[in-house]
Amino acid sequence: MHLHLAGHLAWYDAQKRSRLIIQLAEPVGLSDLLRDLGIPIAEIAVATVNGVVVELETARVSNTDRVELFPPVGGG
Amino acid sequence: MPYGTSGKILRVDLTHRTTRVETFDEAFYRLYPGGKALAAYILLRELPRGTEPFDPANLLIFANGVLTGAPFSTATRFSAVARSPLTYAYGESEAAGYWGPELKNAGWEAIVITGRAESPVYLWIHNDHVEIRDARHLWGREPYDVQETIRAELGDKLIRILQIGLGGENRVRFAGMTNELRHFAARAGIGAVMGSKNLRAIAVRGTGRYADWAYDAKGVAALGPVLAKRVKEHPQSWDLQNKGTPGLVEGLNAAGILPTRNFRQGAFESVDKIKWEAYEKELLTARRTCYACAVRCKREVKVEDRYQVSDAYGGPEYESLDGFSANCGVDDLQAAAKANELCNRYVLDTISCSSTIAFAMECFEHGLIGLKETGGIELRFGNAEAMLKMIELIARREGIGNLLAEGVKRAAEVIGGDARYFAMHVKGQELPMHDPRGKVGVGLGYAVNEAGADHLTSVHDPMIANPDSVGFKGAAPLGIEPVPPRELSARKARNYYRVENWVSAEKVTGMCFFGPAPRSFIQIDELVNALRAATGWDITLEEVLRIGERATNLARAFNVREGFSRKDDVLPERLHQPLENGALAGVAIPKAEFEEMLTHLYKFKGWDPQTTMPTREKLRELGIEWVADLLEHK
């Protein structure tokens, strides 16, 4: 699975990576996966799977998916 | 003697070529402690009602905040205020960089300029020494040359220079000011007011230090190393240092609120060509900063490829980037960088300029203007060359550029027909690159802000939507509650009101929007403590919020006196129409519910919901009942 941590979400990765490849043996709940990775769900404003916006709590992802997570955006 | 300030205002009359010093006392200072509060007070008290923006009598006011120049990150900003030639309302712009702190170090809290010089001049301030100098040899020249020339003729490379460019000289109604070539007080056309006064630049050298003014200099300075260490330990500041504002593009696109093709759409099909990873690869050469700021959010770019982009004028921020790419339908990052460089070179507001060009593109595609008007240019969405040509024409007021230099509101009135539906503005000021259809509180800000559409008036809804987020927890002491970004409600209006007072206080104290909560790089109690150390006051958060609210009420009073009312606090019709594409395709802001929320906001503010005039009771509460007397006898 390709995971993109946009904006300040990459800060929560121990190596500060914005793009990760994660091997999934079977489909998992996205929110469970994020808890395992230490990415705080409260910091995610928008999540997409293969370019489609999904609900974090109900989305399931598998090994071939491209997942993108975006934090809330203030002014700039 | 007041602390945290020199207590000195420099008065300059360009018509009579005179200067004088004014001082203020502690009681005055505690009510109007610099920045927006001081500038709005002076504009309201002193500018005769009905003064035309380009009349020599218009005031041009620069005001530092209590903390401008304090030795810690994000305490860098000054306000520039005048009656705006773009909106005819209270006009306000702020900038960071280095000029405000230098002015503070020279011992001046503010400069108030009136009159018009007979021929171009610049102002030279070296501590107490003030001189009006000939600038005929600088008029028409580029900012880089002007800066180098002034430093050479005054013999000091450390002089900090605030200046206008060709746009301000030609009174383009959205011309701004630049300091150190890379930091822009761009909005509201204050640079055009400066140009109308034949004032090209203000050069400043100050050898004082912030500690000279502070009550407890060590107490203020203590925050410096704490924040310097925190930059990499905090997600928001880490991200700003890493990507800067260009990092916002892809998140807004995913959320369906990346302004695209003049706000018709919320997602750009070529977003991969303009997002941060492309920016880093194609444009980025370095990271820079402002005075004493460890965040380092400024991007430096240089291009020698499809376009030649100089590294003298700073790289595009998010607003400029989206404005000159997606919102003009242009998928070429280098063209957007070139457009940004041209605007910076001519010192034009990139938001208003890009929005005006997007407006003209839509007019062209609908046949409201044709090749005859554009001088043979195919002014369609996506035409990068046409976009760049328009900037040149606007800065020089040549051809159709002379019309577009008036901004979208006036241009739409001249073009007629449906053009007004394509003019994305509030009170005449063009919309920033944030679509309120996905964050309606930003729409409240666009509607009510005294200076016209602005994205830095309060919090952006998603930042405080989740009670467990860094943003919400940081801003919680302001008395907010978590509300979904698209909810239109009284509680949304209340959140807006509470945070607006805080953000307004940032504009009074000279703080950057990227420091304090809800960004939360600086916590609320840390800022209140810094203010205590600077001033010696036993100030509380509630007093800080009142300071911010007082400043907003002064600006509102100015507008009410000039005939503005609720009819001017309206969003462009397009925002009440559905987005054409993206994650929020089909979503609009329902007008009746928005109006209801606006009424709630006026009630929270203590303003009459029709006239928007602050009530006497509210003004008394804020300690400025004199404003009620002034409005009753307007």
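Provided above is the structure to which this section pertains.
Residues numbered from 1 in each chain as written. Chains lettered and ligands numbered in written order. Predicted model: local features only at pLDDT ≥ 70, side-chain atom pairs only at ≥ 80, totals over all residues. Heavy atoms only, no water.

A. Quick peek at the overall build of chain B. Each helix and strand counted, chain B has 28 helices and 18 strands in total. In summary, chain B has a C-alpha radius of gyration of 23 Å against a globular reference of 26 Å for 634 residues, a match within 12%. Along the first, second and third principal axes, the C-alpha atoms of chain B reach 65 × 55 × 55 Å. In chain B, which comprises 634 residues, the share counted as buried stands at 69%. Within chain B, residue pairs in contact and separated by at least 24 positions form 69% of the contacts whose partners lie at least 6 positions apart. Accessible surface for chain B amounts to roughly 19700 Å². Of this, 48% is attributable to carbon and sulfur atoms. Taken together, the 79 basic and 83 acidic charged side chains of chain B have centroids lying 1 Å from each other. (Helix = DSSP H or I, 4+ residues; strand = E, 2+ residues; numbered from the N terminus. Rg over C-alpha atoms; globule rule 2.2 N^0.38 Å. Buried < 20%, exposed > 50% of the residue type's maximum accessible area, 1.4 Å probe, protein only. Contact = heavy atoms within 4.5 Å. Areas by Shrake-Rupley, 256 points an atom, 1.4 Å probe, with all protein chains shown as cover. Lys, Arg positive; Asp, Glu negative; His and termini not counted. Charge placed at Lys NZ, Arg CZ, Asp CG, Glu CD.)

B. Region of the structure containing the packing of aromatic side chains. Residue and element names in this part refer to chain B. This model, assessed by the stated rule, comprises 16 aromatic pairs over all chains. Ring centres of Tyr-3 and Tyr-215 lie 5.3 Å apart, and the angle between their planes is 70 degrees; this geometry places the pair in the edge-to-face category. On the criterion of sequence distance, the pair formed by Tyr-3 in the segment before strand S1 (8-13) and Tyr-215 in the loop between strand S12 (199-205) and helix H7 (217-221) is long-range, its members being 212 residues apart. Overall, the relative accessible area of 32% leaves Tyr-3 in the partly exposed class. Here a set of aromatic residues connected by ring pairs shows up, and it is made of Phe-24, Phe-28, Tyr-29, Tyr-32, Tyr-41, Trp-537 and Trp-626. Across the ring face of Trp-108, the terminal group of Lys-8 is positioned such that the distance to the ring centre comes to 4.4 Å. (Phe/Tyr/Trp six-rings, centres within 6.5 Å; stacked < 30°, edge-to-face > 60°. Lys NZ or Arg CZ within 6 Å of the ring centre and 35° of its normal.)

C. Examining the nonpolar core more closely. Residues and elements named next belong to chain B. With 105 residues, the main nonpolar core has Leu-348, Ile-357, Phe-359 and Ile-391 as its most contacted residues. Once you skip the residues sitting within four places of it in the chain, Ile-357 turns out to touch Phe-324, Cys-328, Met-387, Met-390, Ile-391 and Ile-394. Counting residues in hydrophobic clusters, the runner-up holds 81 residues, among them Ala-40, Trp-537, Ile-547 and Phe-558. (Core = buried A, V, L, I, M, F, W, Y, C linked by side-chain atoms within 4.5 Å.)

D. Summary view of the pattern of salt bridges. Residues and elements named next belong to chain B. For the structure on display, the rule yields 66 salt bridges over all chains. Between Arg-160 and Glu-102 there is a salt bridge, with its nearest N and O atoms 4.0 Å apart. Residue Arg-160 is found in strand S9 (residues 160-163), and its partner Glu-102 is found in helix H3 (residues 99-105); the two are separated by 58 residues along the sequence. Residue Arg-160 is classed as partly exposed on the basis of its relative accessible area, which comes to 22%. (Salt bridge = Lys/Arg side-chain N within 4 Å of Asp/Glu carboxyl O.)

E. Summary view of the sheet that holds strand S6 (residues 110-114) of chain B. All names here are of chain B. If you walk across this open sheet you meet the six strands as S2-S1-S6-S3-S4-S5, and the pairing is mixed. Looking at strand neighbours, the two that pair on one side only are strand S2 (18-23) and strand S5 (90-95), the edges of this open sheet. Across this sheet, the average inter-strand angle for adjacent strands is 15 degrees, counted without regard to direction. Note that strand S3 (residues 60-64) and strand S4 (residues 78-83) share four bridges and pair antiparallel. In the sheet register, Asn-64 faces S4, and the bridge partner there is Phe-78. (Pairing = 2+ DSSP bridges. Axes fitted to C-alpha atoms, helices over the stretch in contact; angles between N-to-C directions.)

F. Expanded view of the environment of A:Lys16. Along the polypeptide, A:Lys16 turns up in the loop between strand S1 (2-5) and strand S2 (19-21). With 11 residues separating them along the chain, A:Lys16 and A:Leu5 place their C-alpha atoms 9.4 Å apart. Every residue in contact with A:Lys16, bar those within four places of it in the chain, is listed here: A:Ala10, A:Trp11 and B:Trp238. Within the structure, the side chain of A:Lys16 is placed 3.1 Å from the backbone oxygen of A:Trp11, a separation counted as a polar contact. (Polar contact = N/O pair within 3.5 Å; in protein donor to acceptor, adjacent residues only side chain to side chain.)

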